[in-house]
Amino acid sequence: MGPMTTEATPDEASGQTTHQIRSLTVLPAQREDVELHTADGLTLVGDLSLPADSEPSATLLTFHPLPTHGGFMDSHVYRKAAWRLPALANLAVLRFNTRGTSSPRGTSEGTFDGGDAERYDVAAAIELAEFRGLPRPWLVGWSFGTELVLKHGADPSIEGAILLSPPLHRATDEDLDRWAAFGKPLVVLVPELDDYLRPDEARKRFARIPQAEVIGVDGAKHLWVGEPAVARALNEIVAHVLPDHPLPLPTHWDGPLGDS
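### Observations concerning the environment of Thr59
With respect to the helices and strands, the residue Thr59 is situated in strand S5 (residues 58–63). Taking the C-alpha atoms as reference points, Thr59 and Ala220, separated by 161 residues in sequence, lie 25 Å from one another.

### Quick word on the sheet that holds strand S11 (residues 186–191)
The strands making up a sheet associate through backbone hydrogen bonding, with each pair oriented either parallel or antiparallel. With mixed pairing, the 8 strands of this open sheet are ordered in space as S3-S4-S6-S5-S9-S10-S11-S12. In this open sheet, the two strands that pair with only one neighbour each are strand S3 (30–37) and strand S12 (212–217). Shown here is a sheet whose adjacent strand axes are inclined to one another by a mean of 20 degrees, direction ignored. Relative to strand S6 (residues 91–96), strand S4 (residues 43–50) runs antiparallel, the two sharing 4 bridges. Each bridged residue has a counterpart across the sheet, and for Leu48 the counterpart in S6 is Leu94. Relative to S6, helix H1 (residues 76–89) is tilted by about 160 degrees, and along the sheet it contacts S3, S4, S5, S6, strand S9 (137–142) and strand S10 (160–164).

### Some thoughts on the nonpolar core
Nonpolar side chains in soluble globular proteins tend to be buried together. In terms of nonpolar packing, the biggest core is built from 40 residues, with Leu36, Leu150, Leu186 and Phe206 touching the most fellow members. Per-element tally for this core: the top contributor is helix H2 (residues 119–132), with 6 residues. Residue contacts for Leu36: discarding those within four places in its chain leaves Leu42, Thr43, Leu44, Leu94, Phe96, Ala124, Ala125 and Leu128. Core analysis: the next-biggest nonpolar cluster, separate from the first, contains 34 residues, Ala82, Trp224, Val230 and Val238 among them.

### Observations concerning the pairing of S4
Here S4 lies mainly inside the structure; 8 of its 8 residues are buried. Across the two faces of S4 the burial is the same, with Thr43, Val45, Asp47 and Ser49 and Leu44, Gly46, Leu48 and Leu50 all buried. Here S3 folds back onto S4 in antiparallel fashion, the turn holding 5 residues, of which Gly41 has a positive phi close to 90 degrees.

### A short note on the pattern of salt bridges
Note that side chains of opposite charge can pair when their charged atoms are close. Inspection of the entire model under this criterion finds 15 salt bridges. With a shortest N-O distance of 2.5 Å, Asp47 and Arg95 are connected by a salt bridge. Taken together, the positions of Asp47 in strand S4 and Arg95 in strand S6 put the pair 48 residues apart, joining distant regions of the chain. Comparing Asp47 with Arg95 shows no difference in burial state: the two are buried. In this structure, the salt-bridge partner of Arg84 is Glu227, at a minimum N-O distance of 2.8 Å. Of this pair, Arg84 sits in helix H1 while Glu227 is found in helix H6 (residues 227–241), placing the two residues 143 residues apart along the sequence. Overall, the relative accessible area of 4% leaves Arg84 in the buried class.

### What about the packing of H1 against H6?
In the contact formed by H1 and H6, the axes pass within 11 Å of each other and the chain directions differ by 55 degrees. Classed by the angle they form, the pair H1 and H6 counts as oblique. Handedness of the H1/H6 crossing: right-handed. The segment H1 lies against H6, with His76, Val77, Lys80, Ala81, Arg84, Leu85 and Ala89 engaging Glu227, Val230, Leu234 and Val238. Here the contact of H1 with H6 is composed, by residue class, of 7 nonpolar, 1 polar and 3 charged.

The rules behind the values
Residues numbered from 1 in each chain as written. Predicted model: local features only at pLDDT ≥ 70, side-chain atom pairs only at ≥ 80, totals over all residues. Heavy atoms only, no water. Helix = DSSP H or I, 4+ residues; strand = E, 2+ residues; numbered from the N terminus. Pairing = 2+ DSSP bridges. Axes fitted to C-alpha atoms, helices over the stretch in contact; angles between N-to-C directions. Contact = heavy atoms within 4.5 Å. Core = buried A, V, L, I, M, F, W, Y, C linked by side-chain atoms within 4.5 Å. Buried < 20%, exposed > 50% of the residue type's maximum accessible area, 1.4 Å probe, protein only. Salt bridge = Lys/Arg side-chain N within 4 Å of Asp/Glu carboxyl O. Parallel < 35°, antiparallel > 145°, perpendicular 65-115°, else oblique. Left-handed = near helix turned anticlockwise from the far one by under 90°. Nonpolar A, V, L, I, M, F, W, Y, C, P; charged D, E, K, R; others polar.

Structure below.
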């Protein structure tokens, strides 16, 4: 797919074209297909998006929603993160399909295991970041991906984790207590209108983790549909991963676009 956008207007002062950032806008980045190799012998497919002209300031390792209900590496918040954040926030973004999951990139080996054997998938993502020397890795889980982060993500090499729409179906109090003892930052973004866990209940459940910051997001739903919801999620991610970065993120881009 080539670059897509709308409402491009010339900037007379610079001679460049200004593009409003829309749902299909792809900004410049270095993009490459990657493979992750698990300790139980599987190859998982993914892609890595890096800033086009500089070393990344930090890294997002993303874990997608439930593959048995349509979740995969291209789930829209992560696709937009990979298309935008290398350019807008100097972040590296790793997306990949957990075991048995398919997307246009391909199909990861293995079969869905409900979050148990996926422990090896989480470890493989962290190991890829270490192998590539990607700086300051943060785990970002969405829905089922939050369960993987809470159950298997407390690795000493990470900076912290950000959860989008955690259902807390598979993660137990024991998992939450492990994160409390782990001590690294945990940011929990809970949509006001979530189908599974809403902000008040989330604050009660995550009270077991003293360092957890639960943020209720007004008007948002579990799937973060719509540009305002996506923009809020991406701005919150950048605010916590790069506290000194100017916010809100730009809504327009001056200059050429990238390729997805």
